[in-house]
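Inside the fold
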Amino acid sequence: MGASSGPNIKIFQRFAEKWNEIDVDKYESGIIEDTAASKLNPQKYVLVKLINDQLATFQPRDDYKALLQLSLIFLGDKTAKDFKIRRPGALHRARWMAKLIYSLKIFLFRSQFKLTARELSALEAFNVFVIQVYIKYWYTASSRELAPYNDLNLLKELDNYKKLNIVIGNAAAKSFSRHLWYLSETLIGLAFFDSKVSSEMKVNMVYH
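Residues numbered from 1 in each chain as written. Predicted model: local features only at pLDDT ≥ 70, side-chain atom pairs only at ≥ 80, totals over all residues. Heavy atoms only, no water.

1. Description of the packing of aromatic side chains
- In the structure shown here, the tally under the stated rule is 12 aromatic pairs.
- Residues Phe 12 and Tyr 102 carry aromatic rings whose centres are separated by 5.1 Å and whose planes lie at 35° to one another, so their mutual orientation is tilted. Linking Phe 12 in helix H1 (residues 10-18) with Tyr 102 in helix H5 (residues 96-108), this pair joins segments that are 90 residues apart in sequence. For the pair Phe 12 and Tyr 102, one class covers both residues: buried.
- Judged by centre distance (5.8 Å) and plane angle (65°), the ring pair of Tyr 64 and Trp 138 falls under edge-to-face. (Phe/Tyr/Trp six-rings, centres within 6.5 Å; stacked < 30°, edge-to-face > 60°. Helix = DSSP H or I, 4+ residues; strand = E, 2+ residues; numbered from the N terminus. Buried < 20%, exposed > 50% of the residue type's maximum accessible area, 1.4 Å probe, protein only.)

2. Some remarks on the pattern of salt bridges
- All told, the structure shown has eight salt bridges when counted by the stated rule.
- In this structure, Arg 14 and Glu 119 form a salt bridge, with 3.0 Å as the shortest nitrogen-oxygen distance. Here Glu 119 lies in helix H6 (residues 117-138) and Arg 14 lies in helix H1, a separation of 105 residues in the sequence.
- The class of Arg 14 is partly exposed, set by a relative accessible area of 32%.
- In this structure, Lys 18 engages Glu 21 in a salt bridge whose closest nitrogen and oxygen atoms are separated by 2.9 Å.
- Classification of Glu 21 as exposed rests on a relative accessible area of 59%. (Salt bridge = Lys/Arg side-chain N within 4 Å of Asp/Glu carboxyl O.)

3. Some remarks on the nonpolar core
- Judged by nonpolar contacts, the single largest core of 54 residues is most densely connected at Leu 67 and Phe 129.
- Looking at this core, the elements with two or more residues in it are H1, helix H2 (34-40), helix H3 (44-55), helix H4 (62-74), H5, H6, helix H7 (147-161) and helix H8 (166-176).
- Discounting residues that sit within four places of it in the chain, Phe 129 has contacts with Tyr 134, Leu 158, Tyr 161, Ile 168, Ala 172 and Phe 176. (Core = buried A, V, L, I, M, F, W, Y, C linked by side-chain atoms within 4.5 Å. Contact = heavy atoms within 4.5 Å.)

4. Comments concerning the side chain of Glu 157
- Inspection of the secondary structure assignment puts Glu 157 in helix H7.
- Within the structure, Glu 157 has its side chain in polar contact with the side chain of Lys 136 (distance 3.2 Å).
- What Glu 157 contacts, discounting residues up to four positions off in sequence, is Gln 132, Val 133, Lys 136 and Tyr 137. (Polar contact = N/O pair within 3.5 Å; in protein donor to acceptor, adjacent residues only side chain to side chain.)

5. Quick look at the packing of H6 against H8
- The interhelical angle for the contact between H6 and H8, taken along N-to-C directions, is 50°, at an axis separation of 11 Å. Our classification of the angle between H6 and H8 gives oblique. In the crossing of H6 with H8, the sense of the turn from one axis to the other is right-handed. Between H6 and H8, the residues in contact are Ala 125, Phe 126, Phe 129 and Tyr 134 and Ile 168, Ala 172 and Phe 176, respectively.
- Residue composition of the contact of H6 with H8, by class: seven nonpolar, no polar and no charged. (Axes fitted to C-alpha atoms, helices over the stretch in contact; angles between N-to-C directions. Parallel < 35°, antiparallel > 145°, perpendicular 65-115°, else oblique. Left-handed = near helix turned anticlockwise from the far one by under 90°. Nonpolar A, V, L, I, M, F, W, Y, C, P; charged D, E, K, R; others polar.)

6. Quick look at H8
- Within the sequence span of H8, burial applies to Ile 168, Gly 169, Ala 172, Ala 173 and Phe 176. Looking straight down H8, one finds its buried side chains confined to an arc of 125°; they lie on one side. Facing away from the buried surface of H8 by more than 90 degrees, the exposed residues are Ile 166, Val 167 and Lys 174.
- If you check the start of H8, you find a side-chain oxygen 3.2 Å away from the backbone N of Val 167, and it comes from Asn 165. (Arc of directions from axis to C-beta.)

7. Concerning H4
- With 13 residues, H4 should reach 18 Å at 1.5 Å per residue; the first-to-last C-alpha distance of 18 Å fits that figure.
- Most of H4 is tucked away: 10 of the 13 residues are buried.
- Within the sequence span of H4, burial applies to Asp 63, Tyr 64, Leu 67, Leu 68, Gln 69, Leu 70, Ser 71, Leu 72, Ile 73 and Phe 74.
- The inward-facing, buried residues of H4 contact H2, H3, H5 and H6.
- Gly 76 occupies a position one or two residues after H4 and carries a positive phi of about 70°. (Expected span 1.5 Å × (residues − 1).)

In structure tokens form, the structure reads like this:
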């Protein structure tokens, strides 16, 4: 999504500087684009339910809530009509969440913010990945007993995602593989407390 200078990725910096000229009431959902729609529409009901379930629970930071709200707007869900899109905040390389929020905001205001075809395509692909894959695992990551099952499913989903976008799939798999520390012989035992893991699977875990 462009070169970077210091702590700011240039496209995000450009967007922040342009913000005062943007009409915040004239955003466009992402799902009106054919590419995004083809990937997200088949799962839209499930994704919207997951996001609304998370919004109904306590979120420890405002940016956690903002990411969920922006995702609903991207999906074109009617429940998002009352959300207010706020001015972009500070951006630092260490804040992964800020990059997700910036990427969604830029795409929602793509008609008011000049983007190259390459930037537009990259943002669309990245946002689709965030909504289709990342959100589900990020918002359940704090649950220790769900971690082994979630991590295994994430690895499988990333492997499948390479068929849709090999660049994002490979980059995500490489990044997330550094954080799968729950998948050890000791900590895998947390899966015994996960209701999503079948009794049959738990028995097999004991004897294998």
